[in-house]
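Understanding the architecture of this molecule
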Amino acid sequence: VYADGIWENGGPPTLSDWSHLEVTQRIKRPASATMTGEIERYYEDRYLQRWSRPALAAMLASIPSVMMWDDHDIFDGWGSFPDEQQNCPVFKAVFAGAKRAFEAQQLRGATQNRSRLDARAAFTLRLTFGAYYLLVLDNRSERSQLQIMSDAHWAAVKTELSALKTGRLLVMSGVPVVYRSFARIESLFGVTGDIADMEDDILDHWSARPHQQERRKFISILLDTLAANAGCRAAILSGDVHVGGVGMIYDSARELEIYQIISSGVVHPPPSLVQWLGIKALTSDEKELLGNGDISTEMLTADGAAEIIRDRNFARLHWGSDEKLWVNWECEKEKIKPAFAIGPVLNPP
């Protein structure tokens, strides 16, 4: 759900009053019982209002779903603000209210969901669905400007994947691991007000400077998993950037490939042509070399797409009789029907 409106008219009145205080006062002001109650009701009402709409209710009642929250389930940019702001009493109260609603509505109770990975791993889930193994990463609960997941969380993920016994691994990451580089924009941080306003959005990305080491850890864990499971294929499923596309991680030393599927923007409009040209001017899609240069990441092009799928879309995945994982994007514009094939599995289950 989009809960960014918590700061707008119609959100909790006590939060509106708090937001008009001076910064030093906001950071020190405790969250009152009235404010806490208003926050909890806001998140509860947000789910009930959105999910009771007839079309959405019918979909949720008939299609199995696996959900993981991201910043908008709390509010835009959560986890990418300065520590002093992130850890102030009111922000903590907002997070607690969002967490309470998420546990009830998306996890059906934090202690009842048997798919949760480990007590050390926030809300990360793992489950099998048919022949697929899904690892659904919680990249928000522990996020700060300096980390995405805690060391204990990563250790739990690594332990889980070390016991993997399947040829079809799907890893959900809300934000793409492979995408255009924002290094040019990061170099302008603190230079202009306009760029400063974008800082939390840039810090949301795996490739942001403070997260680059953790990103390499993530990629290394996935590649090591493939190396230990001959014939295993892995794909990362992501969204967030309001476009569709394909990325690839390649380990030339071990001849391992991980593909990434981006599908997003079912509701949120995609960037306009002018906006997209601006994004391209300020970012880079050059092939990236990691480690000793034996690991690379790059964006690819889906069949039927010019480069990136700049259209509202969702993606279908199915394992074909040719032992390939086929990805087909369903786009708002009927004439656009991009597709991409991953595989085949060397040693299919």
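Keep in mind it's a predicted model, so treat the numbers as computed, not measured.

Thoughts on empty space enclosed by the protein
A probe matching the size of a water molecule, rolled over the atoms, marks out where space remains unfilled. One pass over the structure, following the stated rule, counts 2 cavities of 30 Å³ or more. The computed volume of the largest cavity comes to approximately 50 Å³. For the largest cavity, the full set of lining residues is Tyr132, Arg168, Leu169, Leu170, Arg233, Ala234, Ala235, Trp319, Leu325 and Ile342. Within the residue set of the lining of the largest cavity, elements represented by two or more residues are strand 3 (168-172) and strand 4 (233-238).

Looking at helix 3 (residues 33-51)
The end-to-end C-alpha distance of helix 3 is 27 Å, a good match for the 27 Å that 19 residues give at a rise of 1.5 Å each. Within helix 3 the residues assigned to the buried category are Met35, Gly37, Glu38, Ile39, Tyr42, Tyr43, Arg46, Tyr47 and Trp51. Each element contacted by the buried residues of helix 3 is listed here: helix 1 (13-19), helix 4 (54-62) and helix 6 (89-105).

Thoughts on unusual backbone geometry
A positive phi is found at Ala122, a non-glycine position, where the angle reads about 50°. Within the fold, Ala122 resides in the loop between helix 6 and strand 1 (125-129). Of note, Glu255 is a non-glycine position whose phi angle comes to about 55°, a positive value. With respect to the secondary-structure elements, Glu255 resides in the loop between strand 5 (245-251) and strand 6 (256-262).

Looking at the sheet that holds strand 9 (residues 313-319)
Taken in spatial order, the 3 strands line up as 9-10-11 in an open sheet, and their pairing is antiparallel. Since the sheet does not close on itself, it has two edges, and those belong to strand 9 and strand 11 (339-342), each with one partner. Shown here is a sheet whose adjacent strand axes are inclined to one another by a mean of 20°, direction ignored. Bridge analysis of strand 10 (residues 325-331) against strand 11 gives 4 bridges, and the strand direction is antiparallel. What sits directly across from Val327, in strand 11, is Phe340.

So, the pairing of strand 10
Side chains Leu325, Val327, Trp329 and Cys331 of strand 10 all project onto a buried face; the interleaved residues Trp326, Asn328 and Glu330 project onto a face where none is buried. Relative to strand 10, strand 9 is paired through 7 bridges, and the arrangement is antiparallel. Along strand 10, the bridge assignment pairs His318 with Trp326.

A look at the sheet that holds strand 2 (residues 132-136)
Strand order in the open sheet formed by 8 strands is 1-2-3-4-6-5-8-7, and the pairing between neighbours is mixed. Two strands lie at the open edges of the sheet, namely strand 1 and strand 7 (288-290), each paired on one side alone. Taken over all neighbouring pairs, the strand axes of this sheet differ in orientation by 20° on average, direction set aside. The pairing of strand 5 with strand 6 spans 7 bridges and is classified as antiparallel. Across the sheet, the residue bridging to Gly245 is Ile262, located in strand 6. Most of the contacts of helix 7 (residues 151-162) go to strand 2, to which it runs at about 175°, and overall it touches strand 1, strand 2 and strand 3. Lying over the sheet, helix 11 (residues 212-228) contacts strand 3, strand 4, strand 5, strand 6, strand 7 and strand 8 (295-300), oriented at roughly 125° with respect to strand 6.

Things to note about the packing of aromatic side chains
In the structure shown here, the tally under the stated rule is 21 aromatic pairs. Ring centres of Trp78 and Phe91 lie 6.0 Å apart, and the angle between their planes is 35°; this geometry places the pair in the tilted category. Residue Trp78 is located in the loop between helix 4 and helix 5 (83-86), and its partner Phe91 is located in helix 6; the two are separated by 13 residues in the primary sequence. Judged by relative accessible area, which is 5%, Trp78 ranks as buried. The exposure class assigned to Phe91 is buried, which follows from its relative accessible area of 3%. Ring pairing ties together the aromatic residues Trp7, Trp18, Trp69, Phe75, Trp78, Phe81, Phe91, Phe95, Phe102 and Phe123, which thus form one cluster.

Regarding the layout of surface pockets
In this structure, the largest pocket occupies an estimated 2500 Å³ of space. Considering the residues around the largest pocket, the lining is formed by 47 residues, among which Val66, Met67, Met172, Ser263 and Val266 are closest to the centre. When residues in the lining of the largest pocket are grouped by element, the largest group, 5 residues, is from strand 9. Residue composition of the lining of the largest pocket, grouped by class: 26 nonpolar, 14 polar and 7 charged. For the second largest pocket, the calculated volume is near 690 Å³. Lining the second largest pocket are 26 residues, and of these Asp201, Asp240, Val241, His242 and Ile279 sit closest to its centre. Those elements that place two or more of their residues in the lining of the second largest pocket are helix 10 (199-203) and helix 12 (273-282). Looking at the lining of the second largest pocket element by element, the count peaks at 5 residues for helix 12. Classifying every residue of the lining of the second largest pocket gives 14 nonpolar, 7 polar and 5 charged.

Calculation notes
- Residues numbered from 1 in each chain as written.
- Predicted model: local features only at pLDDT ≥ 70, side-chain atom pairs only at ≥ 80, totals over all residues.
- Heavy atoms only, no water.
- 1 Å grid on protein atoms, 1.4 Å probe; cavity = no way out; pocket = protein on both sides within 12 Å on 5 of 7 lines; lining within 4 Å.
- Points joined across faces, edges and corners; volume = space filled by probe spheres on them.
- Helix = DSSP H or I, 4+ residues; strand = E, 2+ residues; numbered from the N terminus.
- Expected span 1.5 Å × (residues − 1).
- Buried < 20%, exposed > 50% of the residue type's maximum accessible area, 1.4 Å probe, protein only.
- Contact = heavy atoms within 4.5 Å.
- Pairing = 2+ DSSP bridges.
- Axes fitted to C-alpha atoms, helices over the stretch in contact; angles between N-to-C directions.
- Phe/Tyr/Trp six-rings, centres within 6.5 Å; stacked < 30°, edge-to-face > 60°.
- Nonpolar A, V, L, I, M, F, W, Y, C, P; charged D, E, K, R; others polar.

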